[in-house]
Amino acid sequence: MAEGGGGARRRAPALLEAARARYESLHISDDVFGESGPDSGGNPFYSTSAASRSSSAASSDDEHERPGPPPPAAAAAAAAPEPEEDEAGAGWTAALRDRPPPRFEDTGGPTRKMPPGASAMDFFQLFVPDNVLKNMVVQTNMYAKKFQERFGSDGAWAEVTLTEMKAFLGYMISTSISHCESVLSIWSGGFYSNRSLALVMSQARFEKILKYFHVVAFRSSQTTHGLYKVQPFLDSLQNGFDSAFRPSQTQVLHEPLIDEDPVFIATCTERELRKRKKRKFSLWVRQCSSTGFIIQIYVHLKEGGGPDGLDALKNKPQLHSMVARSLCRNAAGKNYIIFTGPSITSLTLFEELEKQEIYCCGLLSSRKSDCTGLPPSMLSNPATAPARGQHRIKMKGNMSLICWYNKGHFRFLTNAYSPVQQGVIIKRKSGEIPCPLAVEAFAAHLSYICKYDDKYSKYFISHKPNKTWQQVFWFAISIAINNAYILYKMSDAYHVKRYSRAQFGERLVRELLGLEEASPAH
């Protein structure tokens, strides 16, 4: 059965070509960042949430060959007798029928054609236009005035201008390129100093703007939401995402990697990690799996307490379902296919979304998922492990429950793919592993999102404020810049000057600081 190392090496190019062709047929585009480097692409079931990354440390001898850490269902108790009669009464049957995929005739991509001479600033301002920046100017000046009325005059303060607000944002965004947590290092004269940037504004002036910076200065009498200081900006950003981009049919719901810069995590000590303040919110996104464009953001606060706090959210699948419903609120009636992780996957949610013409494909876990209504015989493992690539399927209406074996039992719930359609997982070392089409599609789309995560997490703004609303604001700005870069790569402007993600960020910083023309002539 085993093949010689030389034979495997000779087959590798052909297998990779086959993989590329199959993934293209599943609407997987090339990596929008166009950069090389280590990523998690070898593990199609890699989890993108920070919490589950730590739990996936246990690995097999051949990490690149394995599809990912077995879900907790693989370690479930020994198989119980199959209650076939009860399952048949609940509508589950081993008799499979073919079904067509959800029709999708929309053309995804940017909604407007940007000129070849469009600058980084032009793309950024699709989401953060001048009227939003002007509002930040007004709100910051209002807050500064009220603060000084209450706590005493600040003689060093002068009202901030639009030009200064752009420069302020530019300084903050520069930390996503330098990966330096202290933005003040620009003026330090040390390793992270930048004289050309430092000359635009004095450190003292920057610190004054930072002290008074606000998006919403005061709470209105009707406001009860904990994110009232940033919610108007999030709403404006969402409108920008909706108007600038049409997503493809396939999308993913997940928690992006926003906790730390990977370089910091790899090099810091446990003591430094413990000193870090825990985030008081959870950030979830709905993301186009063909381009990586983040379509929608959902922020869940821990501070709210009660049954919907973040601690409960991590442990109760029904609260993850609430997140999924919020993220899919604007997706009804479009025949989208949504890929989900174990904490969101549930029969109840998938049936509810199907009524809204939203179809799903999700990885299932007996520990993290809500398994209500699923046949017990499919959730327990047989005493003897089956051959690699073998699977069992049961069907109820349009819903299919798949149990597939590949160095561990993987379970999937889907109403988006036919259970009789076959696919294949192509691995560099082991070649083709047969599987249902739903498994191949899940692996392909999640693998692409993981590659995106590995790259864009390097470009989140490194500034770490203490206030929750400011943390949310800077994360949202980082997402907006990444989305702007994706639109840039899909435009004619990319063929004029082929900026990498780092170069795009550097260009945006210089344009915000007024060191470059915002729309240079070509």
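Quick look at the structure, then. The structure displayed is predicted, hence computed values, not measured ones.

1. Regarding the overall build of the chain
- Helix and strand content of the chain: 18 helices and 12 strands.
- Put simply, the chain has 522 residues, and 52% of those count as buried.
- Partitioning the intrachain contacts of the chain with sequence separation of at least 6 by distance along the chain shows that 72% fall at a separation of at least 24.
- Split by element, the accessible area of the chain, about 23800 Å² in all, is 52% carbon and sulfur.

2. Description of the packing of aromatic side chains
- Applying the stated rule across the entire model yields 32 aromatic pairs.
- Note on Phe123 and Tyr488: the rings are 5.7 Å apart at their centroids and 80 degrees apart in plane angle, and the pair reads as edge-to-face. Here Phe123 is found in helix H4 (residues 120-124), whereas its partner Tyr488 is found in helix H16 (residues 468-489), with 365 residues between them in sequence.
- Given a relative accessible area of 2%, Tyr488 falls into the buried group.
- An angle of 85 degrees between the planes, with centres 5.6 Å apart, marks the rings of Tyr171 and Phe206 as edge-to-face. In this pair, Tyr171 sits in helix H6 (residues 162-178) while Phe206 sits in helix H8 (residues 203-212), placing the two residues 35 residues apart along the sequence. Exposure class is identical for Tyr171 and Phe206. Each is buried.
- Above the ring of Trp157, the side-chain terminus of Arg205 is found at 4.9 Å from the ring centroid.

3. Overview of the environment of Tyr494
- In this structure, Tyr494 sits in helix H17 (residues 493-496).
- Residue Tyr494 is classed as buried on the basis of its relative accessible area of 12%.
- As for Tyr494 and Ser119, which are separated by 375 residues in sequence, their C-alpha atoms are 9.8 Å apart.
- Tyr494 has contacts with Tyr488, Lys489 and Tyr499, leaving out every residue within four places of it along the chain.

4. Comments concerning the environment of Ala324
- Tracing the backbone shows Ala324 in helix H13 (residues 317-327).
- Residues Ala324 and Leu353, spaced 29 residues apart in sequence, show a C-alpha to C-alpha distance of 9.6 Å.

5. A short note on the nonpolar core
- Counting 83 residues, the largest nonpolar core has Phe123, Phe127, Phe233, Phe473 and Ile477 as the members making the most contacts within it.
- When residues in this core are grouped by element, the largest group, 15 residues, is from H16.
- The next biggest cluster of nonpolar side chains, apart from the first, holds 27 residues, and it includes Trp92, Ile344, Leu374 and Cys403.

6. A short note on helix H14 (residues 347-354)
- When we look at burial in H14, the residues that qualify are Leu347, Leu349, Phe350 and Leu353. Buried residues of H14, seen end-on, are gathered within an arc of 165 degrees and therefore sit on one face of the element.

7. Describing H8
- Looking at H8, one finds that the buried residues are Arg205, Phe206, Lys208, Ile209 and Tyr212. Seen from one end, H8 has its buried residues packed into an arc of 160 degrees, which puts them on one side.
- Buried residues in H8 make contact with helix H5 (130-151) and H6.

8. Considering a nonpolar patch on the surface
- A grouping of Val138, Met142 and Phe218 is seen on the molecular surface, where their side chains present a nonpolar patch of about 240 Å² in accessible area.
- Checked against the element boundaries, Phe218 lands in the loop between H8 and helix H9 (231-244).
- Residue Phe218 is classed as partly exposed on the basis of its relative accessible area of 37%.

9. As for the sheet that holds strand S10 (residues 409-414)
- Strand order in this open sheet of eight strands is S5-S4-S3-S6-S7-S10-S9-S8, and the pairing throughout is mixed. Both edges of this open sheet fall to strand S5 (294-301) and strand S8 (391-396), since each of them pairs with a single strand only. In this sheet, neighbouring strand axes are inclined to one another by 15 degrees on average, regardless of whether the strands run parallel or antiparallel.
- Strand direction decides the pairing type here: S8 and strand S9 (residues 399-405), joined by six bridges, are antiparallel. Across the sheet, Lys394 pairs through a bridge with Leu401, a residue of S9.

10. Some words on the packing of H9 against H16
- Interaxial distance between H9 and H16 falls to 11 Å at its minimum, and their mutual angle equals 15 degrees. If you check the angle between H9 and H16, you find them roughly parallel. The two elements H9 and H16 cross, and the hand of that crossing is left-handed. Between H9 and H16, the residues in contact are Phe233, Leu234, Leu237, Phe241 and Ala244 and Val472, Phe473, Ala476, Ile477, Ile479, Ala480, Asn483 and Leu487, respectively.

Rules behind the numbers
Residues numbered from 1 in each chain as written. Predicted model: local features only at pLDDT ≥ 70, side-chain atom pairs only at ≥ 80, totals over all residues. Heavy atoms only, no water. Helix = DSSP H or I, 4+ residues; strand = E, 2+ residues; numbered from the N terminus. Buried < 20%, exposed > 50% of the residue type's maximum accessible area, 1.4 Å probe, protein only. Contact = heavy atoms within 4.5 Å. Areas by Shrake-Rupley, 256 points an atom, 1.4 Å probe, with all protein chains shown as cover. Phe/Tyr/Trp six-rings, centres within 6.5 Å; stacked < 30°, edge-to-face > 60°. Lys NZ or Arg CZ within 6 Å of the ring centre and 35° of its normal. Core = buried A, V, L, I, M, F, W, Y, C linked by side-chain atoms within 4.5 Å. Arc of directions from axis to C-beta. Patch = residues over 30% accessible without salt bridge, like charges linked within 9 Å, V, L, I, M, F, W, Y side chains within 5 Å. Salt bridge = Lys/Arg side-chain N within 4 Å of Asp/Glu carboxyl O. Pairing = 2+ DSSP bridges. Axes fitted to C-alpha atoms, helices over the stretch in contact; angles between N-to-C directions. Parallel < 35°, antiparallel > 145°, perpendicular 65-115°, else oblique. Left-handed = near helix turned anticlockwise from the far one by under 90°.

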